[in-house]
Amino acid sequence: ERIMKLSDISQINMKTKRLNRLHKKHADQALASLGIHIGQSLILEVLLAKEACTQKEIAAYLQISTSSITNPIKRLEEKNLIQKKQSSTDLRYNSITLTADGMATAKTIITTIEDIDQTMTSDFDPTEIKLLNKLMDRMIHNLEPDFPVTELKKDEYSNMYKNYLEVKNEHRNN
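Q: Help me understand the pairing of strand S3 (residues 94-98), please; the structure alone is not making it clear to me.
A: It is a general feature of regular strands that their side chains alternate between the two faces of the sheet. In this sheet, S3 lies alongside strand S1 (residues 52-53) in antiparallel orientation, the contact comprising two bridges. Looking across to S3, one finds that alanine 52 is bridged to threonine 97. Note: strand S2 (residues 82-86) against S3, five bridges, orientation antiparallel. From the neighbouring strand, lysine 84 faces S3, where its bridge partner is isoleucine 96.

In structure tokens:
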């Protein structure tokens, strides 16, 4: 007859996991309509931000193994969303870039994910969003104190955000 009551901290952890699952579910549904999955979308987003990369550079940026993106890259190439060209500086590597269709798809992905994010925070005011970001930054710092949160933002989001602004501006102008 013991009733387990979750601590407030445990509830935060469970809600964070649930939120991630729900966000992924919505993203998966939206990406399925484009004929791609989340792993492929991440590769397209990296290429949109970086313009041209080797497979090794993409893997490093996503912090995953090179072999784990071999099949997604092959599928993206089959769908004519990316192209490989032998690197002019090192013939051992292929430079991977977006095709015109890949560029359009990557931009659609960014706006689609942004739409999900907007829905997720639709009843938040700007002060609440800033507070939530600040609290999450502190939690990240508490778990990874040697890695400045500012580096996380700079490395992982600055190029994506720059491209997102370009996509949103194009979207508004059309």
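Following the structure, the description resumes.
Q: I tried to follow the sheet that holds S1 on my own but got confused; where do I start?
A: Adjacent strands of a sheet form backbone hydrogen bonds with each other and so pair up, either parallel or antiparallel. Read across the sheet, three strands follow the order S1-S3-S2 without closing on themselves; strand pairing throughout is antiparallel. The open sheet has two free edges, formed respectively by S1 and S2, since each of these has just one partner strand. Against the sheet, helix H4 (residues 70-78) engages S2 and S3, with an angle of about 105° to S2.

Q: What am I meant to see in the packing of helix H2 (residues 38-50) against H4 here?
A: Helix-helix packing is characterised by the crossing angle of the two axes and by the distance between the axes. At a minimum axis separation of 9 Å, H2 and H4 run at an interaxial angle of 75°. As judged from the angle between their axes, H2 and H4 are roughly perpendicular. Residue-level contacts link Gln40, Ile43 and Leu44 of H2 to Pro72, Ile73, Arg75 and Leu76 of H4. Here the contact of H2 with H4 is built from residues that sort into five nonpolar, one polar and one charged.

Q: Help me out: how do you make sense of the packing of H2 against helix H3 (residues 55-62) in this one?
A: Put simply, H2 and H3 touch, their axes get as near as 10 Å, and they point 105° apart. The orientation of H2 relative to H3 falls into the category roughly perpendicular. Between H2, through Leu42, Ile43, Val46, Leu47 and Lys50, and H3, the contact on the second element is made entirely by Ile58, Tyr61 and Leu62. Class assignment of the residues belonging to the contact of H2 with H3 gives a composition of seven nonpolar, no polar and one charged.

Q: Got a minute to help me understand H3 in this structure?
A: Each α-helix turn comprises 3.6 residues. Residues three or four places apart therefore point the same way. All of the buried residues in H3 are Gln55, Ile58 and Ala59. Angularly, the buried residues of H3 cover 95° about the axis, an arc narrow enough to put them on a single face. Away from the buried face of H3 by more than 90 degrees, exposed residues Lys56 and Ala60 are located. For H3, the elements touching its buried residues are H2, S1, H4 and S3. Count one or two residues on from H3 and you reach glutamine 63, which has phi positive near 60°.

Q: I keep staring at a nonpolar patch on the surface and nothing clicks. Help me out?
A: A contiguous nonpolar surface patch, about 470 Å² in accessible area, is contributed by Ile12, Phe124, Ile129, Leu132, Met136 and Met139. For the nonpolar patch, the element with the most residues is helix H6 (residues 126-143), which contributes four residues. In this structure, methionine 136 sits in helix H6. On the basis of relative accessibility, which here comes to 36%, the residue methionine 136 falls in the partly exposed class.

Reading the values: the criteria
- Residues numbered from 1 in each chain as written.
- Predicted model: local features only at pLDDT ≥ 70, side-chain atom pairs only at ≥ 80, totals over all residues.
- Heavy atoms only, no water.
- Pairing = 2+ DSSP bridges.
- Helix = DSSP H or I, 4+ residues; strand = E, 2+ residues; numbered from the N terminus.
- Contact = heavy atoms within 4.5 Å.
- Axes fitted to C-alpha atoms, helices over the stretch in contact; angles between N-to-C directions.
- Parallel < 35°, antiparallel > 145°, perpendicular 65-115°, else oblique.
- Nonpolar A, V, L, I, M, F, W, Y, C, P; charged D, E, K, R; others polar.
- Buried < 20%, exposed > 50% of the residue type's maximum accessible area, 1.4 Å probe, protein only.
- Arc of directions from axis to C-beta.
- Patch = residues over 30% accessible without salt bridge, like charges linked within 9 Å, V, L, I, M, F, W, Y side chains within 5 Å.
- Areas by Shrake-Rupley, 256 points an atom, 1.4 Å probe, with all protein chains shown as cover.
- Salt bridge = Lys/Arg side-chain N within 4 Å of Asp/Glu carboxyl O.

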